[in-house]
Amino acid sequence: MATPQNASCPAPMKAVSNGAFQHENPLDYALPLLILQICLVVGFTRFLAFLLKPLKQPRVIAEIIGGILLGPSAIGRNEKFLHTVFPKKSLTVLDTLANVGLLFFLFLVGLELDMRSIKRTGYKALCIAISGITVPFLLGIGTSFVLRATISKGAEPISFLVFMGVALSITAFPVLARILAELKLLTTDVGRIAMSAAAVNDIAAWILLALAIALSGDDSSPLVSLWVLLCGAGFILFAYFAIRPLLATMARRSPEGEPVKEIYICVTLTLVLACSFVTDTIGIHALFGAFVVGIIMPKDGPFASVLIEKIEDLVSGLFLPLYFVSSGLKTNVATISGGLSWALLALVIFNACFGKIVGTVVVSLVTKVPFREALALGFLMNTKGLVELIVLNIGKDRKVLNDQSFAICVLMALFTTFITTPIVMAVYKPARRGAPYMHKTIQRKQIDSELRVLACFHSTRNIPTLINLIESSRGTRRARLCIYAMHLMELSERSSAITMVHKARNNGLPFWNKKQYGEDQMVIAFQAYGELSRVNVRPMTAISALSNIHEDICTSAHQKRAAIIFLPFHKRQRVDGSFESLGHAFQEINELVLSHAPCSVGILVDRGLGGTSQVQASDLCFKVVVPFFGGGDDREALSYGLRMAEHPGILLNVVKFVAPPGKTLALGAKLVGVASNKDQKVIIDKNDDDNKVKDDELWSELLSTCTEKEESVKYAERLVNSKADIETALNEMSSSNLILVGRMPSVPPLVTKSDCPELGPIGSYLASSQFSTTASVMVIQQYNPTTDIHPLVMEEADYQDSPEPDTPRV
């Protein structure tokens, strides 16, 4: 009898091998095999995420699909592959590591849920959450009777009923937050209601799951389930009254701006594991302990942010995908065979969608939510994800779900989450509205009106130049200058990115101003400058995907009534003077802003204006040059130069280029408008009498300014007969600190080939390394309402913007 038993129970795997040169196969040992599994899983799921990115699917979809494909449903059908890479004797190690990663991920999910916001949940969101749980739960009960009568005949009735109800009624809070952030709906009415309802749904789902686990024990005595629930409730009370004060004490002793002590991090992570052990001992599940610690963790201050920063990349990037593969290895789609099985799959999907969508839509309409928003809410609340898989895996491990019912429920979760993004995009696109405003350019008749600037930056390298540029622009006699300094951040897959986006203020865009440890120290420089100067500086952060962050920039510029947007050039200067690209995505941002901006736009080619540090106002001494060819863009550049000339430390030199009699500055070349987006905005260069009249008016203003300020403002006219003459004149400006140039003057391109069409014919030459290594360049496009044919913000005269405070909101 011993031999068959030993044959069925192979010896446990040793941890490490002695290497191939010792004639040992590394895949027969636990550690090298686990490393191979992790590398394969991460690489494969990231590749699928890349393929699904154009469909705007959250990464969890790629990880679920990757797990299924690596399992016996697809690639794992090859037994040699399955037995080599995922042999049965290695699954215990894989599942253990995956569950450790899951514990810490559930801790992060708990950190995202703020119980104070759940307490403030409005009546509308609460009703939607209750209906979004009740209706699908009842349909799940009905579905369980059908499944027990067909493919799950031996399942224990009560626990199977509860598991199916929970599986159909869950809304995945982390996945929903990711989808809302991608679609820029987090701060819309739909987004706020969906997040509030999903948070309530999440808490209810965990309570129901605890009930389901308690009812699924092997002991048939109902007293056991009762004891499990009572002990679980006792643990929650203990965590709140005993563990929470300890966490609060550590958070209090981690002040702003100082590093968090290593012992505090160690104690917290150990508490997560210890609480997981307690809940597992009780019989609920280890993940409940980790989730509860995350819930009771103080959310204010730097402590929570540091914890997220320490563990999220390792957990979300490496360990969590293992859990999806672990689920995929248990999922065999081949078990769904025959008409009855496919009919049951259709029934489960229909009941899951019908319960969530119809239940949410009906209650939304009753609470006076418009139909399109109600429909969008219905599909958003139908989002499944990781929590769904946790429920199904626990049901599978507890023998409540068999292989066929487990596979059906996994496909249901995958389908319902997959359809969310495309359907919401199709049925609901919130209109951006804004009140019309006058001053959309720097050139204006009312020179005493306030100048508002939206200055964008990517990193700390842009900040000194940007602050020196702001200081140069504030003048002495004109009205005050208001700067919105916007840090552009890419929305990542991190939990902290969602946490930051969720701190949105009430102006309807994913910006947040709250200073927190390690999150956005860049704004401190602008705040310090604003306090020491007469300039009103309001720092904020835009967090979005690079493919559509231009929408945030343009919409914010309209809401803040900006006259010009400053954008950083997509290349930065190396030590040797040459430029290196930050990526094509940053160039596309600039091109899209040029196409959709509701005001003028300036692209700053930074060559270190004022050096690597902020120049004091009393020490500022810059030479600014404006090459003037004529046209709207050049007029805007000259108007900006005249404003800068108000500063006592600025010397402005304007060079007007003049063509010989009977010729134009086109010099016989056929001019082709360089448009950043030809389908949405066409650059029309009007070299007509109207333009000439406006040029002459501005030139007259310049001459009068020169008369008043002979020492700080100078001008000259330059006769040019060829492109070489223009290049010679421009090269004479290379020793200046800043050159202001229009984007689309009526001149031929000075470079034969340029990879920067957004800079125009002159800007492309000035930004080249052959021109200068010290002179910064600002390429300016003047707002032209006649070419603004596809605005991102629809102006409505009766729409009231929120009043602007006089001081920054911090």
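Residues numbered from 1 in each chain as written. Predicted model: local features only at pLDDT ≥ 70, side-chain atom pairs only at ≥ 80, totals over all residues. Heavy atoms only, no water.

Points about the overall build of the protein chain
Of the regular secondary structure elements, the protein chain holds 28 helices and 15 strands. The 810 residues of the protein chain split such that 58% are buried. Of all intrachain contacts in the protein chain linking residues separated by at least 6 positions in sequence, the fraction that spans at least 24 positions is 81%. Per element, the accessible surface of the protein chain, about 34800 Å² overall, is 60% carbon and sulfur. (Helix = DSSP H or I, 4+ residues; strand = E, 2+ residues; numbered from the N terminus. Buried < 20%, exposed > 50% of the residue type's maximum accessible area, 1.4 Å probe, protein only. Contact = heavy atoms within 4.5 Å. Areas by Shrake-Rupley, 256 points an atom, 1.4 Å probe, with all protein chains shown as cover.)

Here we look at the packing of aromatic side chains
In the structure shown here, the tally under the stated rule is 11 aromatic pairs. Each ring, one from F566 and one from Y640, has its centre 5.8 Å from the other, and the planes form 50 degrees; the classification is tilted. Placement of the pair is F566 in strand 6 (residues 564-568) and Y640 in helix 25 (residues 632-644), with a sequence separation of 74 residues. Of the two residues, F566 and Y640, neither departs from the other in class, the shared state being buried. Taken together, a centroid distance of 5.9 Å and an interplanar angle of 90 degrees make the contact between W699 and Y715 edge-to-face. Of this pair, W699 sits in helix 26 (residues 689-708) while Y715 sits in strand 12 (residues 713-719), and the two are 16 residues apart along the sequence. W699 sits in the buried class, given a relative accessible area of 7%. Its relative accessible area of 42% is what places Y715 among the partly exposed residues. In this structure an aromatic cluster arises from ring pairing among W206, F288 and F291. Between the NZ or CZ atom of K440 and the centre of the ring of Y437, over which it lies, the distance is 5.1 Å. (Phe/Tyr/Trp six-rings, centres within 6.5 Å; stacked < 30°, edge-to-face > 60°. Lys NZ or Arg CZ within 6 Å of the ring centre and 35° of its normal.)

Remarks on the nonpolar core
Among the nonpolar cores identified, the biggest contains 154 residues, and F86, F107, W206, L287, F303 and I390 are the most heavily contacted of them. With 16 residues, the top contributor of residues to this core is helix 10 (residues 189-215). If sequence neighbours within four positions are ignored, W206 has contacts with L106, L287, F288, F291, V387 and I390. Formed by 55 residues, the second largest nonpolar core is a distinct cluster that contains C482, A557, M733 and F771. (Core = buried A, V, L, I, M, F, W, Y, C linked by side-chain atoms within 4.5 Å.)

Remarks on helix 12 (residues 262-282)
Counted at 1.5 Å a residue, the expected span for helix 12 with its 21 residues is 30 Å, and the 30 Å between its end C-alpha atoms agrees. Every buried residue of helix 12 is listed here: Y264, I265, T268, L271, V272, C275, S276 and T279. When helix 12 is viewed along its axis, its buried side chains cluster within an angular range of 130 degrees and face the same direction. Turned more than 90 degrees away from the buried face of helix 12 sit E262, F277 and T281, all of them exposed. (Expected span 1.5 Å × (residues − 1). Arc of directions from axis to C-beta.)

Topic: the pattern of salt bridges
For the structure on display, the rule yields 6 salt bridges. For the salt bridge of R59 with E63, the shortest nitrogen-to-oxygen distance reads 3.4 Å. Taken together, the residues R59 and E63, both in helix 3 (residues 59-70) and 4 residues apart, mark about one turn of the helix. Judged by its relative accessible area of 12%, R59 falls in the buried class. The salt bridge partner of K396 is D403, with a shortest N-O separation of 2.9 Å. You can call K396 buried: its relative accessible area is 17%. (Salt bridge = Lys/Arg side-chain N within 4 Å of Asp/Glu carboxyl O.)

Description of the pairing of strand 5 (residues 536-544)
Most of strand 5 sits out of view: 9 of its 9 residues are buried. Burial along strand 5 is two-sided: N536, R538, M540, A542 and S544 and V537, P539, T541 and I543, pointing in opposite directions, are all buried. Pairing analysis gives 9 bridges linking strand 3 (residues 481-490) to strand 5, with the strands arranged parallel. Across the sheet, L488 pairs through a bridge with A542, a residue of strand 5. (Pairing = 2+ DSSP bridges.)

Here we look at unusual backbone geometry
A positive phi is found at K56, a non-glycine position, where the angle reads about 55 degrees. By the element assignment, K56 lies in the loop between helix 2 (30-52) and helix 3. For K368, which is not glycine, the phi dihedral falls at a positive 70 degrees. What makes K368 exposed here is its relative accessible area of 72%.

A closer look at the pairing of strand 3
Within strand 3, 9 of the 10 residues are buried, which leaves it mostly tucked inside the rest of the structure. Bridge analysis of strand 2 (residues 451-457) against strand 3 gives 7 bridges, and the strand direction is parallel. Bridge pairing links F457 to H487 in strand 3.

A word on a nonpolar patch on the surface
A cluster of nonpolar side chains, contributed by F350, F354, V358, V362 and V366, occupies part of the molecular surface with about 460 Å² of accessible area. Following the sequence through the fold, F354 ends up in helix 15 (residues 338-366). Judged by its relative accessible area of 40%, F354 falls in the partly exposed class. (Patch = residues over 30% accessible without salt bridge, like charges linked within 9 Å, V, L, I, M, F, W, Y side chains within 5 Å.)

Some words on the confidence of the model for the protein chain
Of all residues in the protein chain, 85% attain a pLDDT of 70 or more, and the chain-wide mean is 81. Looking across the protein chain, the model is least confident in strand 4 (residues 511-512), with a mean pLDDT of 39, and most confident in helix 12, with 94. Note that residues 504-520 has pLDDT below 50 and, in this model, 64 contacts with residues that lie over four places away or in other chains. Note that residues 801-810 has pLDDT below 50 and, in this model, 25 contacts with residues that lie over four places away or in other chains. (pLDDT = per-residue confidence, 0-100.)

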